[in-house]
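Here are the chains, one letter per residue:
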Amino acid sequence: MTIDLLRAIRQSSQYRFIEPLRYALANTQAQLKSRGRQRQRVLLIDDQQVYTSEQQYAPLLRDRKLLRRDLGVVIHYQRIADILRRPAQRLSGFDVVGLKISYRTSTEEALKITRTIRDAMPPQARLVYFDGDDDLCVMWPGIVSIVDLYVKKHLFRDRAEYKQVRIGKTNLTNYVAQKFDINFDDDDIPTSPALDDEHIQKLTLGWNIGLDDKIDDLRQRYRELPQLGDKDIDVVCRASVPNEAWISPLRAQVIPQINALRGTFKVLTPDRKVSQDIYNQEMLRSKICVSPFGNGEVCWRDFEAVLFGCVLVKPDMSHLETAPDVFIPNETYVPLRWDCQDLTAHLTYLLEHPEECERLRNAAAKRLRDFLNGDELSQAFGRILELAKKRRDLTAPT
């Protein structure tokens, strides 16, 4: 029996038997302990095509008991394919449906799935779309018009930015297209349309990859910051990408500037993949981590750097809102110009001022751990549920 077949059998058992049983037990417990508080039955569904996108659900699934205690929320998790076999039957009884579709899905199919689910839901139920993409923009504006609320990991601080037509999918593709003459005509998404005011009003902030299972595991494993004086690598940066990759211009100036510090400081700029354990050790040994943009502005490395006690240095993030927010300029990270031409100056200053490194890394670690150890997830999810209800109440048939 192959590994893929075993995985398929295990997943089938989980969603056909284990998840329904878990939901039934949680629902019963919520009824018994409700003490007059109204329950909210929430169905989360996705297509299980992209792990990094599915991780947006991770904190909700990981903290089901906490959300049931704080919000009276009972969560059920299922696959889109299973729901679509009998949508009206499988969507009945839920107050809120959370939907997530892989970016690999065609626009036509994504809209078809969303409309099918919307049409099969009870009239007063709320449909919330969870966008798991790395970037700030909206891949399928048509979905925004169907759902009650659209949740992003990050949002433009100035919501008027969503009224801009962009080259490629995102503000980053638009930036490299204009600054470096990169052509996106043959890209899957050659241009991104603007959103109108009604669409923009449906956008709301959720949480970013700082709540992914990977980061939560690191938080549990590495509870204490290593001493700065015990670190023997001054700067680490893994930023190698093929020259033909569209993000290459965003990183082209980074590695040469870091390598120019060799001889004065100890730097590490690997260009080969290594195991997770070796990567962790690199970060634990490093005083500063340079984290350039990728397909989006935020990446796991940002939060790994904070938990491993590195000073985070990356391009300026002042244009966006996100949570957990470890991007407070010159308080929890050091912002760079987007062309990174000021990188050498910032690194030299930091390495000549270890007290500044200590201040920055301690402030970032405290901010992240305070968020992860607090009730911010319950507050954020509660706010999402309330906003979805308000919007549905405005449009639902009476």
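To keep things clear, this report deals only with the structure shown in the data block. (Residues numbered from 1 in each chain as written. Predicted model: local features only at pLDDT ≥ 70, side-chain atom pairs only at ≥ 80, totals over all residues. Heavy atoms only, no water.)

1. Some thoughts on helix 11 (residues 213-221)
Which entries qualify depends on this criterion: Type-normalised accessible area, obtained with a 1.4 Å probe on protein chains alone, sets the label of each residue: buried when under 20%, exposed when over 50%, and partly exposed for intermediate values. Strands are runs of DSSP state E lasting at least two residues, helices are runs of H or I lasting at least four, and both sets are numbered from the N terminus onward. Taken from the helix axis, the directions to the C-beta atoms give the arc we talk about. By the convention used here, residues are in contact when the closest approach between their heavy atoms is within 4.5 Å.
Where helix 11 is concerned, the buried positions are Ile215, Asp216, Leu218 and Arg219. Down the axis of helix 11, the sector holding all buried residues measures 160°, keeping them to one side. Buried-residue contacts for helix 11 involve helix 3 (58-62), helix 14 (276-284), helix 15 (300-307) and helix 17 (354-373).

2. Points about the sheet that holds strand 1 (residues 40-46)
Neighbouring strands of a sheet are bound in pairs by backbone hydrogen bonds; such pairs are parallel or else antiparallel. For clarity, the cut-off: We call two strands paired when DSSP finds no fewer than two bridges between them. Axis definition: a line fit to C-alpha positions, over the contact stretch in the case of helices; interaxial angles, taken between N-to-C directions, run 0 to 180 degrees.
Strand order in this open sheet of 6 strands is 2-1-3-4-5-9, and the pairing throughout is parallel. The open sheet terminates on both sides in strands that have one partner only, identified here as strand 2 (73-79) and strand 9 (203-205). With direction set aside, neighbouring strand axes in the sheet form an average angle of 25°. The strands that helix 18 (residues 376-395) touches are strand 1, strand 2, strand 3 (96-100), strand 4 (126-131), strand 5 (149-152) and strand 9; relative to strand 4, the one it contacts most, it runs at about 130°.

3. Describing the pattern of salt bridges
We count it as follows: Salt bridge, as applied in this entry: a Lys or Arg side-chain nitrogen positioned within 4 Å of an Asp or Glu carboxyl oxygen.
Going through the model one piece at a time under the given rule, you end up with 27 salt bridges. A salt bridge links lysine 214 to glutamate 304, with the nearest nitrogen and oxygen atoms 3.2 Å apart. Taken together, the residues span a long stretch of sequence, with lysine 214 in helix 11 and glutamate 304 in helix 15 at a distance of 90 residues. One salt bridge in this structure joins aspartate 232 and arginine 285, with 2.9 Å as the shortest N-O distance. Of the two residues, aspartate 232 sits in the loop between helix 11 and strand 10 (233-236) while arginine 285 sits in the loop between helix 14 and strand 12 (286-290), which places them 53 residues apart along the sequence. Judged by relative accessible area, arginine 285 falls into the partly exposed class, the value being 35%. Members of the salt-bridge network, linked through shared partners, are Arg62, Asp213, Asp216 and Arg219.

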